[in-house]
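Report on the structure
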Amino acid sequence: MLELDRIQVSYGAAPALWEVSLAIGAGELVCVVGPNGAGKTTLINAIAGLNRVRNGRITMDGRDLTSLAPHCYCDEGIAIVPESRRLFTGMTVLENLELGSYRLAARPGRAQSVERVLNVFPALRERLHAAAGTLSGGQQQMVAIGRALMAKPRLLLLDEPSLGLAPSIVLEMFEVIRDINAGGVAVLLVEQNVAMALEVATRAYVLEEGRIAGEGAPSALLATPHIRRAYLGER
Amino acid sequence: MPSFTLLAQSVLSGIFIGALYGLLGLGLSLTWGMLRQINLAHFALAFLGAYLTFQLTHGAGWDPLATLLVVVPCFFLLGASMHWLFARFAITPFNSLLVTFGLTVIVESLIQWIWTADQRLMDSAYGAVRFKLGALYVPLPELLTLVLAVALSLAAWAGLRYTDLGRAMRAAAEDAPIAAAFGVNERSLSLLLSGISAAFAGVAGLCIALSFTLAPSQIYAWIGVVFAVVMIGGLGNPIGPLVAGIVIGISESLTMALTSPAWAPLVSFSLLIVVLLARAKKI
């Protein structure tokens, strides 16, 4: 479904991604692991249209996205849960959710979409009219995921959804991500929590210094001594 | 001590002038708060609108309200094209202040060239009409200003709150890249918002033409107090300028009635300082 063909992204003169190629099939749950500063956020933002791709191509079902304006990426069914959530903090929870369904294809059945999100995250029901900035970290993450679900995506991009959350909530988030994927939405997950990410993923990439350093089934990656040493703290 | 009637009349005229401050501040506040552009030329646009209204009414014999049919769409296009140019040349907020100051001077010269520096007073069917409310006089032009200011402020508020486009504008004002990731085309929304703000200036122009004598140098007369109104009301807040405008209008006119007109600006700017200090504590 989604294919990245040797994409390069730079900040000014400094390249952040070098010829990264990656593919996600329909319904897959793919995770990208790697150390801080490896370019994981850059990668996910490029797929959402937030970063300009300098070289290479991003295609969705063969359609080239690279030359599109940023606001057109979501029309391909791509929705992002960005790093540190980036809610519209001055707007209410409901307004944040409804903005998620701003693209024309997602607008019909908006009330049902909100209901679906509230069924996934019942805690948001009482906070619907509160300003999003006043919510707890866990609830804000729920809004961020809910906002992305409102866009009726075919591909959901999740950037560090567990960052800064209490362990019990992290477990809940991974449960939700698994459910979303089971509902037929392909997921690209970027995580620091490598053990958790590899547990839920069907396939994984290792990103190091802006390059793909490995790819395979989670079990295969977990068997690699380098991965165990670098990401799971084994000696 | 002035009589009760005089004080009540002062409060009323304070509300009326405050409504004009609010109407002038509305467009300024929206573009400043949501597009980060400080549009000094907003005042020049309002006076351009006032002179156009004058011309159409005085010269061509139109009803003043009918001039809105021409002024509003023209100003919408004017505002949108101004913003297109600003975006094209990537003008920063501070530079927008300089560029729009330049535009103000250009518009002032243009007005002076077309209508001369003489004072102009529009004779219209509305100008002399006034009602009596108990012991108080209510002039129709000022009442019309109040009605328009309230209607447009509420319309702007409702539009930003309840429509998809309005919410998208608020979202883009807070985090444009993320809004874009959800399909918000910030560029075209900015053009829309700039056009609407300029159209508001055109409506304010009608109100100015109805109630005041026009002279090119008058463009600068209200800049200070309207900036105070915009800042007290909160940048980007569609109701704030009207409320702040009326508060300042009333306090100004009471000051004029109780002391002397010279003290009026002191009141508005003291209020501004107090509000800014109080707000700084909250942050």
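Keep in mind that this is a model prediction, so the values were computed, not measured. (Residues numbered from 1 in each chain as written. Chains lettered and ligands numbered in written order. Predicted model: local features only at pLDDT ≥ 70, side-chain atom pairs only at ≥ 80, totals over all residues. Heavy atoms only, no water.)

Some remarks on the layout of surface pockets
Residue and element names in this part refer to chain B. The cut-off we apply is this: Using only the protein atoms, space was sampled on a 1 Å grid; points where a 1.4 Å probe fits but cannot get out form cavities, open sets with protein on both sides within 12 Å along at least five of seven lines form pockets, and lining residues are those with an atom within 4 Å of a point. Grid points are joined across faces, edges and corners, and a volume is the space filled by probe spheres set on the points. A run of H or I in DSSP counts as a helix once it spans at least four residues, and a run of E counts as a strand once it spans at least two, with each numbered from the N terminus. By the convention adopted, Pro, Cys, Tyr, Trp, Phe, Met, Ile, Leu, Val and Ala count as nonpolar, Lys, Arg, Asp and Glu as charged, and the other residues, Gly among them, as polar.
Size it by volume and the largest pocket reaches roughly 500 Å³. Around the largest pocket sit 21 residues that line it, and His83, Ala87, Glu186, Arg187 and Ser190 are the ones nearest its centre. Taken together, the elements giving at least two residues each to the lining of the largest pocket come down to helix H1 (4–35), helix H3 (68–88), helix H6 (164–174) and helix H8 (186–211). Here the residues of the lining of the largest pocket sort into 13 nonpolar, 5 polar and 3 charged.

A closer look at the packing of helix H2 (residues 93–100) of chain A against H6(B)
Filter applied, for reference: The axes used here are C-alpha line fits, helices contributing only the stretch in contact, and every angle between their N-to-C directions lies in the interval 0 to 180 degrees. Here roughly perpendicular refers to angles of 65 to 115 degrees, roughly parallel to angles under 35, roughly antiparallel to angles over 145, and oblique to all remaining angles. It only takes one pair of heavy atoms within 4.5 Å for two residues to be counted as in contact.
Where H2(A) meets H6(B), the axes come as close as 10 Å, and the angle between the chain directions of the two elements is 100°. Comparing the axis directions of H2(A) and H6(B) gives the class roughly perpendicular. Contacts from Glu95(A), Glu98(A) and Leu99(A) in H2(A) reach Arg167(B), Ala168(B), Arg170(B) and Ala171(B) in H6(B). Among the residues forming the contact of H2(A) with H6(B), the class breakdown is 3 nonpolar, no polar and 4 charged.

Remarks on the nonpolar core
Nonpolar side chains tend to gather and get buried jointly when the protein is soluble and globular. Basically, it comes down to this: The criterion is simple. A nonpolar core is a set of buried Ala, Val, Leu, Ile, Met, Phe, Trp, Tyr and Cys residues joined through side-chain atoms within 4.5 Å. The rule is simple: take the accessible area with a 1.4 Å probe, protein chains only, and divide by the maximum for that residue type; under 20% is buried, over 50% is exposed, in between is partly exposed.
In this structure, Leu156(A), Leu189(A), Ile208(B), Trp222(B) and Val226(B) are the most contacted members of the largest nonpolar core, which totals 132 residues. If we ignore the near neighbours within four places in the chain, the residues touching Ile208(B) are Leu20(B), Leu24(B), Ala46(B), Phe47(B), Ala50(B), Leu214(B) and Trp222(B). Listed in part, the 33 residues of the second largest apolar core include Val20(A), Leu43(A), Tyr73(A) and Leu157(A).

Brief notes about the pattern of salt bridges
Defined as follows: Think of a salt bridge as a Lys or Arg side-chain nitrogen and an Asp or Glu carboxyl oxygen that are within 4 Å of each other.
Within the structure shown, the criterion is met by 12 salt bridges over all chains. Where Arg6(A) meets Asp5(A), a salt bridge forms, and the shortest distance between an N and an O atom there is 3.2 Å. Exposure remark for Asp5(A): the relative accessible area of 35% places this residue in the partly exposed category. Asp164(B) is the partner of Arg107(A) in a salt bridge, and the nearest nitrogen-oxygen pair spans 3.6 Å. On the criterion of chain membership, the pair formed by Arg107(A) in the loop between H2 and helix H3 (110–120) and Asp164(B) in helix H6 is interchain, its members lying in two chains.

Description of the interface of chain B and chain A
This is how the line gets drawn: Summed over both partners, the accessible area (1.4 Å probe) lost when two parts come together is defined as the buried area. Whenever a nitrogen or oxygen atom comes within 3.5 Å of another N or O atom, the pair is scored as a polar contact, on the condition that within protein one atom can donate a hydrogen and the other can accept it, and that pairs from neighbouring residues in sequence are kept only if both atoms are in side chains.
Each partner contributes residues to the interface: chain B has 19 residues there, and chain A has 26 residues. Summed over both sides, the interface between chain B and chain A buries roughly 1900 Å², with carbon and sulfur atoms accounting for 60% of that surface. Scanning the region where chain B abuts chain A turns up 5 salt bridges. Between Asp164(B) and Arg110(A) there is a salt bridge, and its shortest N-O distance comes to 2.9 Å. Counting the contacts that link chain B with chain A gives 7 residue pairs in polar contact (both at pLDDT 80 or more).

Describing the packing of aromatic side chains
Going by this rule: In summary, the pairing rule links any two rings of Phe, Tyr or Trp, Trp by its six-membered ring, whose centres are within 6.5 Å, and it sorts them by plane angle into stacked for under 30 degrees, edge-to-face for over 60 and tilted for everything else. In this analysis the charged atom, NZ for Lys or CZ for Arg, is taken to sit over a ring once it is within 6 Å of the ring centre and within 35 degrees of the ring normal.
Scanning all chains against the criterion turns up 6 aromatic pairs over all chains. Between Phe43(B) and Phe227(B), the ring centres sit 6.2 Å apart and the planes meet at 20°, which makes this aromatic pair stacked. Taken together, the positions of Phe43(B) in helix H2 (residues 41–59) and Phe227(B) in helix H9 (residues 223–233) put the pair 184 residues apart, joining distant regions of the chain. Considered together, Phe43(B) and Phe227(B) belong to a single accessibility category, that of buried residues. Three or more aromatic residues link up through ring pairs in this structure, and these residues are Trp32(B), Phe43(B) and Phe227(B). Taking the ring centre of Tyr102(A) as reference, the NZ or CZ of Arg107(A) above it sits at 4.7 Å. Positioned above the aromatic ring of Phe89(B), the side-chain terminus of Arg88(B) is 5.2 Å from the ring centre.

Brief notes about helix H10 (residues 240–258) of chain B
Worth spelling out the cut-off: Expected span of a helix, by definition, is 1.5 Å for each gap between consecutive residues, and there is one gap fewer than residues.
The end-to-end C-alpha separation of H10(B) is 27 Å, in line with the 27 Å expected for 19 residues at 1.5 Å each. Looking at H10(B), one finds that the buried residues are Gly240(B), Pro241(B), Leu242(B), Ala244(B), Gly245(B), Ile248(B), Gly249(B), Ser251(B), Glu252(B), Ser253(B) and Thr255(B).

Looking at the sheet that holds strand S1 (residues 2–11) of chain A
Residue and element names in this part refer to chain A. Rules: Should DSSP find at least two bridges between two strands, the strands are taken to pair.
Pairing in this open sheet of 4 strands is antiparallel, and the strands run S2-S1-S4-S5 from one edge to the other. Both outer strands of the open sheet, strand S2 (14–24) and strand S5 (63–64), are each paired with one neighbouring strand and no more. Of the strand pairs in this sheet, S1 and S2 are connected by 7 bridges, and their pairing is antiparallel. Paired with glutamate 3 across the two strands is alanine 23, which belongs to S2. On top of the sheet, helix H1 (residues 40–47) reaches S1, S2 and strand S4 (55–60); it is set at about 120° to S1, its chief contact.

No statement about biological role is implied by the geometric values presented.
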